[in-house]
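Close look at the chain arrangement
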Amino acid sequence: MTMRLWVRTVLAACLLAATTLTAGGCSRTTEELVVLGPWTDGEQKPFENALTELGERAGRPYVYEGTRSLRETLLAQLQAGAPPDVVIFSSPGDIAEYARAGKVRQLDEDLASRARQPWAPDVAGRDQNGDSRDGTYWVPVRVDLKSLVWSRTKPSGKTGTPADWCLGMSSGATSGWPGTDWVEDLVLQRQGWTAYERWATGETPWQATRPAWEEWADLLTAQGGNLGREGLATSFEQLDHGRSGLLNRGDCRQEHQGSFIRRHYDDDVRPYRTRHYLRAPENREERAAAAEDVFEVSGDMAAVLTPDPAAEELLKGLTSQRFREVWARDAEPGERPLFPEGESAPAAARPSAATGAVQELFDGARRICLDASDAMPPTLREAFHRAVLEFLGAPKDAGLLTRLLDRLEAERTLQEREKAFVLEDLCARNGRHGV
């Protein structure tokens, strides 16, 4: 058995032990550093290849463990006393919660300088002694552009009927997030980035988002349709006839989804701005918001959990140009990762036409805003997911919407009392603009 296979076998056993919370757990070798992240199967291979090369250059084995249930896996490992050295989170709200609890480590000045906005704002965390420390606790390693609609044809200027739209809400424990993306995008496009930021950071009551829900309901039920109920039973990565991706089913024409979805499609599917698929602005506020040319973004952020100084060196490697070159080189053209704020794309990596179109939109955006639900405290984000799922059962029921918004407002108030809103600056001028 090779050393690498042995290491992965030991880690698999540790992961199983931690996940099931068996007594005693197990230990790993003192040399290896472990990265826990959200990518599995084919999606993890290009990242893992780059990580292996990075470890070889550092003279220390770096091992990647991927899971689709990252929050649950990390919690189990922390409870078992065997945390990974570095974790790659998709939700900054989760990292902020760990920072407040003193579970992730404040980064040094070098790493803090790589914290690109709006993905990694400063937050109030705690050190291992429980003392409050404001600073940088994570850095983005990969990013995605949202506020997009994917289609095989250019936008016609009409919102379309429910039959035109693809909708899939099912996503395991996080079902509903594609719907939160819809609500967030409508708030952003209609009310503008300032109102969006105030709402997402807990300053504005949830009742202020009602127009976004109502506009989405109009789209879901146009001409007597009922797209919402169908979407409840459909996976956001619907597998059909051996291919994944909702548009590949052939029974819908356009899909509201982030840039990651391009991996499911050929180059005849392209991204367009969401606003091209919405009704025309009806008042001064909506016209001003439309003129801002603002997009939502999301990202995968890395944080350090262990005191080993080599863990911070590993994080520096994950944000290096060489690491990105290898990652992009080994990725399929339609899966080539995007990186933050105007940093040059590796010349050796040839993107697909869809990836190139995303980059063009990304570079041209004047302002970008971090995904609102990703930035919320975890319990509020989960309540948002549940509200979307309930709303889709009867999107035109005004009384239901009132009750859902009241519940979300009660949760916001609770989180505000607990001082759980620690992220402030979710929107920033796009450093890629004009690059």
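Here the structure is a predicted model, which is why all the values come from computation and not from measurement. (Residues numbered from 1 in each chain as written. Predicted model: local features only at pLDDT ≥ 70, side-chain atom pairs only at ≥ 80, totals over all residues. Heavy atoms only, no water.)

1. Quick word on the overall build of the protein
- Regarding its fold elements, the protein presents 16 helices and 15 strands.
- Per-residue burial over the protein gives 55% buried out of 435 residues.
- Taking all contacts inside the protein whose residues are at least 6 apart in sequence as the whole, residues at least 24 apart take part in 78%. (Helix = DSSP H or I, 4+ residues; strand = E, 2+ residues; numbered from the N terminus. Buried < 20%, exposed > 50% of the residue type's maximum accessible area, 1.4 Å probe, protein only. Contact = heavy atoms within 4.5 Å.)

2. Observations concerning the packing of aromatic side chains
- Inspection of the entire model under this criterion finds 23 aromatic pairs.
- Relative to Phe384, the ring of Trp199 has its centre 6.1 Å away and its plane inclined at 85°; by these criteria the two rings are edge-to-face. With a gap of 185 residues between them, Trp199 in helix α7 (residues 193-200) and Phe384 in helix α15 (residues 378-393) connect regions that are remote in the sequence.
- In this structure Trp199 comes out as buried when scored by relative accessible area, which is 3%. (Phe/Tyr/Trp six-rings, centres within 6.5 Å; stacked < 30°, edge-to-face > 60°.)

3. Description of the nonpolar core
- Among the nonpolar cores identified, the biggest contains 113 residues, and Phe47, Trp138, Trp213, Trp216 and Leu318 are the most heavily contacted of them.
- Excluding its chain neighbours within four sequence positions, the residues that come into contact with Trp216 are Leu167, Gly179, Trp182, Val183, Leu186, Val388, Phe391 and Leu392. (Core = buried A, V, L, I, M, F, W, Y, C linked by side-chain atoms within 4.5 Å.)

4. Section: the layout of surface pockets
- The calculated volume of the largest pocket comes to roughly 1300 Å³.
- Considering the residues around the largest pocket, the lining is formed by 43 residues, among which Pro38, Ser90, Ser171, Thr174 and Trp177 are closest to the centre.
- When residues of the lining of the largest pocket are traced back to their parent elements, those giving at least two are α3 (70-79), β6 (139-145), α6 (177-191), β13 (294-304), α14 (372-375) and α15.
- For the lining of the largest pocket, the per-class residue count stands at nine nonpolar, 16 polar and 18 charged. (1 Å grid on protein atoms, 1.4 Å probe; cavity = no way out; pocket = protein on both sides within 12 Å on 5 of 7 lines; lining within 4 Å. Points joined across faces, edges and corners; volume = space filled by probe spheres on them. Nonpolar A, V, L, I, M, F, W, Y, C, P; charged D, E, K, R; others polar.)

5. Concerning the state of the cysteines
- Counted under the stated rule, the structure contains two disulfides.
- Paired by a disulfide, Cys166 and Cys252 hold their sulfur atoms 2.0 Å apart. Disulfide Cys166-Cys252: the torsion about the S-S bond is 90°, which places it as right-handed. With Cys166 in strand β8 (residues 165-166) and Cys252 in the loop between β10 (243-244) and β11 (254-256), this pair connects stretches of sequence that are 86 residues apart.
- Taking the relative accessible area as the measure of exposure, Cys252 reaches 6% and is therefore buried.
- The disulfide partner of Cys369 is Cys427, and the gap between their sulfur atoms is 2.0 Å. Because the torsion about its S-S bond is 115°, the bridge between Cys369 and Cys427 counts as right-handed. Here Cys369, found in strand β14 (residues 367-370), pairs with Cys427, found in strand β15 (residues 427-429); they are 58 residues apart in sequence, far enough to count as distant. Comparing Cys369 with Cys427 shows no difference in burial state: the two are buried. (Disulfide = S-S within 2.5 Å.)

6. With respect to unusual backbone geometry
- A cis amide bond links Gln117 with the next residue in sequence, Pro118, at an omega value of 5°.
- Phi is positive for Asp41, which is not a glycine, with a value near 55°.
- Inspection of the secondary structure assignment puts Asp41 in the loop between β1 (33-37) and α2 (45-58).
- Positive phi outside glycine occurs at Gln223, with the angle close to 55°.
- Here Gln223 shows up in the loop between α8 (210-220) and α9 (227-232).

7. Overview of the confidence of the model for the protein
- Looking at the protein as a whole, the pLDDT averages 88, with 87% of positions reaching at least 70.
- Confidence drops under a pLDDT of 50 for residues 1-27, and excluding neighbours within four residues, the segment shows 34 contacts in the predicted structure. (pLDDT = per-residue confidence, 0-100.)

8. So, empty space enclosed by the protein
- Within the structure shown, the criterion is met by four cavities of 30 Å³ or more.
- Considering only enclosed or pocket space, the largest cavity measures out at about 170 Å³ in volume.
- Around the largest cavity, the lining comprises 14 residues; the ones closest to its centre are Glu43, Arg142, Glu335, Arg336 and Pro337.
- The element contributing the most residues to the lining of the largest cavity is β6, with three residues.

9. Comments concerning the pattern of salt bridges
- For the structure on display, the rule yields 35 salt bridges.
- Salt-bridge contacts for Arg152 lead to Asp268; the nearest nitrogen and oxygen are separated by 2.9 Å. Remark: Asp268 occurs in the loop between β11 and β12 (270-273) and Arg152 occurs in the loop between β7 (148-151) and β8; sequence separation between them is 116 residues.
- The exposure class of Arg152 is partly exposed, given its relative accessible area of 36%.
- In this structure Asp268 comes out as partly exposed when scored by relative accessible area, which is 38%.
- Within the structure, one salt-bridge network assembled from shared partners comprises Glu43, Arg68, Arg142, Asp144, Glu237, Arg263 and Asp300. (Salt bridge = Lys/Arg side-chain N within 4 Å of Asp/Glu carboxyl O.)

10. Side note on the sheet that holds β8
- The strand order across the open sheet formed by four strands is β8-β11-β7-β12, and the pairing between neighbours is mixed. Every interior strand has two partners, whereas the edge strands, β8 and β12, have only one.
- The sheet contacts of helix α13 (residues 353-364) involve β7 and β12, and relative to β12 the element is tilted by about 20°. (Pairing = 2+ DSSP bridges. Axes fitted to C-alpha atoms, helices over the stretch in contact; angles between N-to-C directions.)

11. What to know about the packing of α6 against α15
- Relative to each other, α6 and α15 sit at 90°, their axes nearing to 8 Å. By the angle between their directions, the pair α6 and α15 is classed as roughly perpendicular. Contacts from Trp177, Gly179, Thr180, Val183 and Glu184 in α6 reach Phe384, His385 and Val388 in α15.
- Looking at side-chain class alone, the contact of α6 with α15 contains four nonpolar, three polar and one charged residues. (Parallel < 35°, antiparallel > 145°, perpendicular 65-115°, else oblique.)

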